[in-house]
Amino acid sequence: MAEVGTAEKRPFTAPLSEGYLVVDRKKCSGCMSCMLACSLVHEGKTDLSLSRIQIVQNPWGCFPEDIALAICRQCVNPKCVEACPTEALHVDAANGNTRTVDGSLCDGCQVCIDACPYKPSRMIWHHEKGVAVKCDLCGRAPHWIEKGGPKGKQACVEICPMRAIKLVKEAPEQEGDAGYEVNLRNEHWGWLGFPTD
C-alpha cells in the first residue's frame, strides 16, 4: 500500500478523436460567420463571446499574420481533460471521442482554461452559466437540426463562405501549428488572382 502523498500519478491516455478541424488562415476573411454560427447552434443566440471557435484579428498585422483562427485541436493528449478535477471534461465516446464538457459536472474552477497549452485558450468561459465550454465538433449542438460530430457536419465548416475550415479524420501533427494550419486553396482560388501556395 502506497503512503499518502507518495503514490505515483499514472500517465493519462485518451483514445484518439475521430475528427479534427484544420484551417487555412490565408483564406479566412475574418467575417466571423463561424463564430456566430457556433454560438447559434450551441446557445440558440449569436454571441461572439460564447463561440467555441475564436477568430483573432490584428488590425496592425500584415497578411497572413493579421488573422488567426483559434480552434480546439482535439488534442491527442488533452491537457484540459487531464486537469479537470470533476471529470466534467471527458472523452465523449458516443460522439467520436471528442473532448467535451458535461456542464452539469463543471464546478467553474477554470483549471481547464489554464491547462490548455494554446493561447488564447481553446476552453471558453461561459460567462452566463459560469462553466467552461469547448468545441465538440457540433456533436452536442442543441439548436441545430443537422447531425454533428466527427461523422456529421460542423456549423463553422458549413457556414464559412471562404471554405477556410475543414474536418479531417486523421490526427494532425501535434507539434507546432503546421498540422492544423493547412493549405485549402485550389485552382479556383488561383482563378480569382489569389496565391495558391
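Summarised in this report is the structure supplied together with it. None of the values given here were measured: they were computed from a predicted structure. (Residues numbered from 1 in each chain as written. Predicted model: local features only at pLDDT ≥ 70, side-chain atom pairs only at ≥ 80, totals over all residues. Heavy atoms only, no water.)

A few points about the overall build of the chain
Link 1 in the chain: Scanning the chain from N- to C-terminus turns up 5 helices and 8 strands.
Link 2 in the chain: Secondary structure of the chain in N-to-C order comes out as β-α-β-β-α-β-β-α-β-β-α-β-α.
Link 3 in the chain: Whereas a compact globule of 197 residues would reach a radius of gyration of roughly 16 Å, the chain reaches 18 Å, a difference of no more than 12%.
Link 4 in the chain: Across its three principal directions, the C-alpha atoms of the chain cover 70 × 35 × 35 Å.
Link 5 in the chain: The buried share of the chain, reckoned over its 197 residues, is 44%.
Link 6 in the chain: Across the chain, the fraction of contacts at a sequence separation of at least 24, relative to all contacts at a separation of at least 6, is 60%. (Helix = DSSP H or I, 4+ residues; strand = E, 2+ residues; numbered from the N terminus. Rg over C-alpha atoms; globule rule 2.2 N^0.38 Å. Buried < 20%, exposed > 50% of the residue type's maximum accessible area, 1.4 Å probe, protein only. Contact = heavy atoms within 4.5 Å.)

Considerations on the nonpolar core
Link 1 in the chain: Residues Leu21, Cys34, Ile53, Ile55, Leu69 and Ile165 are the most contacted members of the largest nonpolar core, which totals 22 residues.
Link 2 in the chain: Of all elements in the fold, only strand E1 (20–23), helix H1 (33–43), strand E3 (67–70), helix H4 (155–159) and strand E8 (165–168) reach the threshold of two or more residues within this core.
Link 3 in the chain: Discounting chain neighbours no more than four positions away, the residues touching Ile53 are Cys34, Met35, Cys38, Ala70, Ile71 and Ile165.
Link 4 in the chain: If you look at the next biggest cluster of nonpolar residues, it comprises 17 residues, including Cys80, Val81, Cys106 and Ile113. (Core = buried A, V, L, I, M, F, W, Y, C linked by side-chain atoms within 4.5 Å.)

Quick word on the packing of aromatic side chains
Link 1 in the chain: Throughout the structure, instances matching the rule amount to 1 aromatic pair.
Link 2 in the chain: It is Lys27 that lies over the ring of Trp189; its NZ or CZ is 5.3 Å from the centre. (Phe/Tyr/Trp six-rings, centres within 6.5 Å; stacked < 30°, edge-to-face > 60°. Lys NZ or Arg CZ within 6 Å of the ring centre and 35° of its normal.)

Observations regarding the environment of Pro172
Link 1 in the chain: Positionally, Pro172 belongs in the loop between E8 and helix H5 (187–191).
Link 2 in the chain: Separated by 159 residues in the primary sequence, Pro172 and Thr13 place their C-alpha atoms 17 Å from one another.
Link 3 in the chain: Discounting chain neighbours no more than four positions away, the residues touching Pro172 are Tyr20, Val22, Gly179 and Tyr180.

Digging into the environment of Gly30
Link 1 in the chain: Topologically, Gly30 is positioned in the loop between E1 and H1.
Link 2 in the chain: Separated by 152 residues in the primary sequence, Gly30 and Val182 have C-alpha atoms spaced 17 Å apart.

As for the pattern of salt bridges
Link 1 in the chain: Tallying each qualifying case throughout the model produces 11 salt bridges.
Link 2 in the chain: The partner of Glu43 in a salt bridge is Arg52, and the shortest N-O contact between them spans 2.9 Å.
Link 3 in the chain: Overall, the relative accessible area of 8% leaves Arg52 in the buried class.
Link 4 in the chain: One salt-bridge network, held together by shared partners, links Arg25, Glu65 and Glu181. (Salt bridge = Lys/Arg side-chain N within 4 Å of Asp/Glu carboxyl O.)

Digging into the layout of surface pockets
Link 1 in the chain: Within this model, the largest pocket holds a volume of roughly 270 Å³.
Link 2 in the chain: Secondary-structure elements contributing two or more residues to the lining of the largest pocket are H1, strand E4 (89–92), strand E5 (98–101) and strand E7 (131–133).
Link 3 in the chain: Examining the composition of the lining of the largest pocket, we find that 3 residues originate from one element, E7, more than from any other.
Link 4 in the chain: The volume enclosed by the second largest pocket comes to roughly 200 Å³.
Link 5 in the chain: What lines the second largest pocket is a set of 15 residues, among which Leu69, Ala70, Arg122, Asp177 and Glu181 lie closest to the centre. (1 Å grid on protein atoms, 1.4 Å probe; cavity = no way out; pocket = protein on both sides within 12 Å on 5 of 7 lines; lining within 4 Å. Points joined across faces, edges and corners; volume = space filled by probe spheres on them.)

Thoughts on the side chain of Gln74
Link 1 in the chain: Position of Gln74 relative to the elements: it lies in the loop between E3 and helix H2 (79–83).
Link 2 in the chain: Engagement of the side chain of Gln74 in a polar contact is seen with the backbone nitrogen of Arg99, the distance being 2.8 Å.
Link 3 in the chain: A distance of 3.1 Å separates a polar side-chain atom of Gln74 from the backbone oxygen of Cys135.
Link 4 in the chain: Residues contacting Gln74, with those up to four places away along its chain left out, are Ser17, Gly19, Tyr20, Thr98, Arg99, Lys134, Cys135, Asp136 and Leu137. (Polar contact = N/O pair within 3.5 Å; in protein donor to acceptor, adjacent residues only side chain to side chain.)

That is the geometry; function is a separate question.
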